[in-house]
Structure formats: structure tokens, C-alpha cells
Amino acid sequence: SVDIDDTLIRSKDSTPIKCMIDLVKDMRKRGMKIAIITARPDGKNQVSWTKDQLEEHGIPFDKLVLMPRHERRSHNWDDAVGVYKERERMNLVRDGGKLVLTLGDGPGDHQPRSKYEYLKKKYFPHKSKEDRFVYFSDNILSAKMPCVYN
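Thresholds, definitions, all that
Residues numbered from 1 in each chain as written. Predicted model: local features only at pLDDT ≥ 70, side-chain atom pairs only at ≥ 80, totals over all residues. Heavy atoms only, no water. Helix = DSSP H or I, 4+ residues; strand = E, 2+ residues; numbered from the N terminus. Expected span 1.5 Å × (residues − 1). Contact = heavy atoms within 4.5 Å. Polar contact = N/O pair within 3.5 Å; in protein donor to acceptor, adjacent residues only side chain to side chain. Core = buried A, V, L, I, M, F, W, Y, C linked by side-chain atoms within 4.5 Å. Buried < 20%, exposed > 50% of the residue type's maximum accessible area, 1.4 Å probe, protein only. Salt bridge = Lys/Arg side-chain N within 4 Å of Asp/Glu carboxyl O.

Quick look at helix α2 (residues 44–56)
Here α2 contains 13 residues, and its C-alpha end-to-end distance of 18 Å stays within 8% of the 18 Å for a straight helix at 1.5 Å per residue. Of the surrounding elements, those touching the buried residues of α2 are β1 (35–41) and β2 (63–67). Where α2 terminates, the next one or two residues include G58, which has phi positive at roughly 70 degrees.

Some points on the environment of Q53
Along the polypeptide, Q53 turns up in helix α2. Sequence-wise, Q53 and I9 are 44 residues apart; in three dimensions their C-alpha atoms are separated by 9.0 Å. Sequence-distant contacts of Q53, that is, excluding residues within four places in its chain, are made with I9, S14 and R40. A polar side-chain atom of Q53 sits 2.7 Å from a polar atom in the side chain of R40.

Overview of the nonpolar core
Grouped together as the largest cluster of nonpolar side chains are 17 residues, with contacts concentrated most on V2, L8, I36, L54, I59 and L103. Among the secondary structure elements, those contributing two or more residues to this core are α1 (18–29), β2 and β3 (101–104). With four residues, the single largest contributor to this core is α1. Apart from the residues lying within four places of it in its own chain, the contact partners of L54 are I4, I9, I36, I59, F61 and L64.

A few points about the pattern of salt bridges
Inspection of every chain in the model, using the stated rule, returns nine salt bridges. Salt-bridge contacts for D3 lead to K85; the nearest nitrogen and oxygen are separated by 3.0 Å. Here K85 lies in helix α3 (residues 77–94) and D3 lies in the segment before α1, a separation of 82 residues in the sequence. Each member of the pair D3 and K85 is classed as buried. One salt bridge in this structure joins R87 and E71, with 3.0 Å as the shortest N-O distance. Of this pair, R87 sits in helix α3 while E71 sits in the loop between β2 and α3, and the two are 16 residues apart along the sequence. The exposure class of R87 is partly exposed, given its relative accessible area of 31%. Through salt bridges with shared partners, a single network forms among E71, R87 and E88.

Printed below as a string of C-alpha cells:
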């Protein structure tokens with residue numbers, strides 16, 4: 001699964017993050033299905049705008065999932081995003097997909113949820129956009145990518 005904001009596209013100014021887009025394109029060329037799971041709200045206008053933005057930057061995807069508005073009301077944003085994204089990743093598996101890689105800039109983008117607090121403390125202590133890690137567990141590769149814009 002792949003995140004959008006500050007993973008594929010810079011949220012501040014909508015600049016594409018070319019190296020990450022190239023990685024996703026390469027994954028597609030190798031026959032992998034691309035599921036984009038984002039915490040953007042699932043309103044009609046937001047869905048349309050998100051699809052247009054992905055198309056504009058040439059970002060391939062097979063499935064696009066936006067976060068239901070009612071789930072965005074939590075006072076613990078990181079936990080709400082983590083629960084939502086984990087559920088959607090598990091839905092992909094339940095529907096016959098095989099999850100092999102997660103890409104994202106935040107702790108909620110990564111597996112497994114049982115290691116969430118460990119990942120958050122070890123790799124996201126200051127939410128630095130320059131930190132990076134690769135974490136492998138349960139046959140799933142998770143990569144927190146720095147916000148490098150090129």
C-alpha cells in the first residue's frame with residue numbers, strides 16, 4: 001500500500017516526488033497491483049481532485065481508498081490514521097491481495113499495528129521529515145521515506 005501526501009506528492013505545494021513515483025511505476029511494470037490508501041477525506045470533490053492529481057502526475061494505481069470523514073474526528077490523529085490504514089490493508093488481503101510493501105511518511109502507513117508504538121518511538125520521535133527506515137516483519141516490507149523533493 002502507498003500513501004500520497006509527502007510520499008508521492010508534497011502536501012505543501014503539490015510538487016511530485018519523482019523518485020517515489022518512479023518506484024511505484026517500476027512496481028507496476030513488475031506486475032504488482034498498486035493500492036493507494038490515504039487519510040484524505042472521502043468526500044466526492046476530494047475523491048475527484050485526488051484522482052485528477054494522481055493522473056496529472058502519472059501515478060498508476062489499481063485501488064484508491066480515502067478515509068471516511070467520521071473517522072477523521074478523533075483527537076488522536078496518528079491512532080485514527082493507523083487503525084484506518086491497517087483495516088484497509090487487511091481488507092486488501094481479505095479480498096485476495098498479497099501485501100508485500102508499504103510506503104509512507106508517517107507511522108500509520110506501516111505494518112504491523114502491534115509494532116506501532118515501537119515504530120513511533122524509534123523512527124518517528126520528532127516526526128522528522130528527513131528520517132528514513134526500512135522495517136521488515138511478517139513478510140511485509142515497510143519503508144518510511146524522507147520528504148526529498150526533486
